[in-house]
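Fold and contact review
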Amino acid sequence: MNKEIAIIGVNGKMGKWFANYFHKMGFKVKGFDTNNEIKEKFIIKANSLVGAILRMDYVLLCTPTKNTPEIIRLIAKEMKRGSYLIEISSQKSKTALTLLKTPSKVNPICIHPMFGPGTKKIDGKNIIIVPIKDAQKELSATKLLFPKANFVTIDAAEHDKKIAVILGLTHLINIAFANILAKDEKISLTEKMSGTTFKAQKIISESILTESPELIETIISNPEVRRFAEEFWKDIGRLLTDSQEGKSEQIIDYIKSSQDRISKNVDLEELAKITAGLAGADLANVVNEAALLAGRAECEEVKTEHFKEAVERQIAGLEKKSRRISPKERKIVAYHESGHALIAEVT
């Protein structure tokens, strides 16, 4: 591609990731950031925000969610006709409204990449896209930029509700869990005594804490998180009170009720078998993938079929449209299917 892209916030982790990605795609990359000096030699350094976006084909905002609407208002009117303004924030309601008000000469693209700066390849990774003005045009343009990604289309309000659970509640729970572990003066003994459940949870918590504090704060400040968090704490309080008061039947009823509701859509025993051997980070990816597959299918609940497909994607990658597979792929599939057979034999 003989195109030019400006990345605002290029010194952030995702800003650097996108700069490298588009550089490899053949783009001429211009960058602007108020924090620290831009060190990458392939990035053309802009001296000002407006100077960065003038005459650019694409402008990508890798900026803090709270600042993004104001930055959109500042630069949209200065962008060239026919250019694309792309934003990647984790909250969409306010940002989508701001993009809707941009001049007609600018094409807005509102996306949420469901991967982090540690991602090596974009192949099969999920990108959520929120339609703003012309859904089909925006999707087509995004697919050209990220041809190997997987796309989920959803409106801004529904996006924020889903993300409140997918990211908000999970981040909230895990940073609190990590804080408890941080206070454990005998953590090495705890780890020696632990089983797979604890280890998986610890891996997920540690993975979340590799993110910047500012990003985590943004994720949990999603207004929709409060509703789910309040329900979560209410249930915890109820279980603890019943436990202290010796109300075993109430606790068992609560657990059975949860099992029944989940098992209507998910076969827990089958799910346990097909996820055997997956690390905590892999399990987290499977859950996220299953939730997005359910959302794409416009299902109100995540079902076994979504988990099955998510596991297959995690292990063997995206479904191929062509029936022809390479010798290497045949070998991978053979090992994978042999694993199923072995597990079935010993369980």
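Our structure's up above, just so we're on the same page.
Everything in this summary refers to the structure shown in the same document. (Residues numbered from 1 in each chain as written. Predicted model: local features only at pLDDT ≥ 70, side-chain atom pairs only at ≥ 80, totals over all residues. Heavy atoms only, no water.)

1. A look at the environment of Ala 290
- Along the chain, Ala 290 turns up in helix α13 (residues 280–296).
- Ala 290 sits in the buried class, given a relative accessible area of 0%.
- Setting aside chain neighbours within four positions, we find Ala 290 in contact with Val 302, His 306, Phe 307 and Ala 310. (Helix = DSSP H or I, 4+ residues; strand = E, 2+ residues; numbered from the N terminus. Buried < 20%, exposed > 50% of the residue type's maximum accessible area, 1.4 Å probe, protein only. Contact = heavy atoms within 4.5 Å.)

2. Some thoughts on the side chain of Asp 242
- If you trace the backbone, Asp 242 turns up in helix α10 (residues 223–244).
- It is Arg 238 that comes nearest to the buried, bridge-free Asp 242 among opposite-charge side chains, at 4.2 Å.
- Contact partners of Asp 242, with chain neighbours within four places excluded, come to Lys 247, Gln 250 and Ile 251. (Lys, Arg positive; Asp, Glu negative; His and termini not counted. Salt bridge = Lys/Arg side-chain N within 4 Å of Asp/Glu carboxyl O.)

3. Notes on the nonpolar core
- Within the largest apolar cluster, 31 residues are counted, with the highest numbers of intra-cluster contacts made by Ile 7, Phe 18, Phe 22, Leu 60 and Phe 146.
- Here Ile 7 is in contact with Gly 15, Phe 18, Ala 19, Val 29, Lys 30, Gly 31, Phe 32, Leu 60 and Cys 62, once residues within four sequence places are set aside.
- In terms of nonpolar packing, the next biggest core, distinct from the first, is built from 23 residues, Ala 6, Leu 49, Ala 96 and Cys 110 among them. (Core = buried A, V, L, I, M, F, W, Y, C linked by side-chain atoms within 4.5 Å.)

4. So, the sheet that holds strand β1 (residues 4–8)
- Read from one edge to the other, the open sheet built from eight strands follows the order β3-β2-β1-β4-β5-β6-β7-β8, with strand pairing classed as mixed. The open sheet has two free edges, formed respectively by β3 (44–45) and β8 (150–153), since each of these has just one partner strand.
- Examined bridge by bridge, strand β2 (residues 28–32) and β3 share two bridges and lie parallel to one another. What sits directly across from Lys 30, in β3, is Ile 44.
- Of the strands in this sheet, β1, β2, β4 (58–61) and β6 (107–113) touch helix α1 (residues 13–24), which is tilted by about 170° from β1.
- On the sheet, helix α3 (residues 68–75) packs against β4 and β5 (84–87) and is oriented at approximately 155° with respect to β4. (Pairing = 2+ DSSP bridges. Axes fitted to C-alpha atoms, helices over the stretch in contact; angles between N-to-C directions.)

5. Focus: the packing of aromatic side chains
- Taken as a whole and assessed by the stated rule, the structure comprises 13 aromatic pairs.
- Each ring, one from Tyr 21 and one from Phe 22, has its centre 5.1 Å from the other, and the planes form 80°; the classification is edge-to-face. By the burial criterion, Tyr 21 is buried, and Phe 22 matches it.
- Their ring planes at 65° and their centres at 6.1 Å tell us that Phe 177 and Phe 198 sit as a pair that is edge-to-face. Of this pair, Phe 177 sits in helix α6 (residues 156–182) while Phe 198 sits in helix α8 (residues 196–208); the two residues are 21 residues apart in sequence, bridging distant segments of the chain.
- Take Phe 177: its relative accessible area is 22%, and that puts it in the partly exposed class. (Phe/Tyr/Trp six-rings, centres within 6.5 Å; stacked < 30°, edge-to-face > 60°.)

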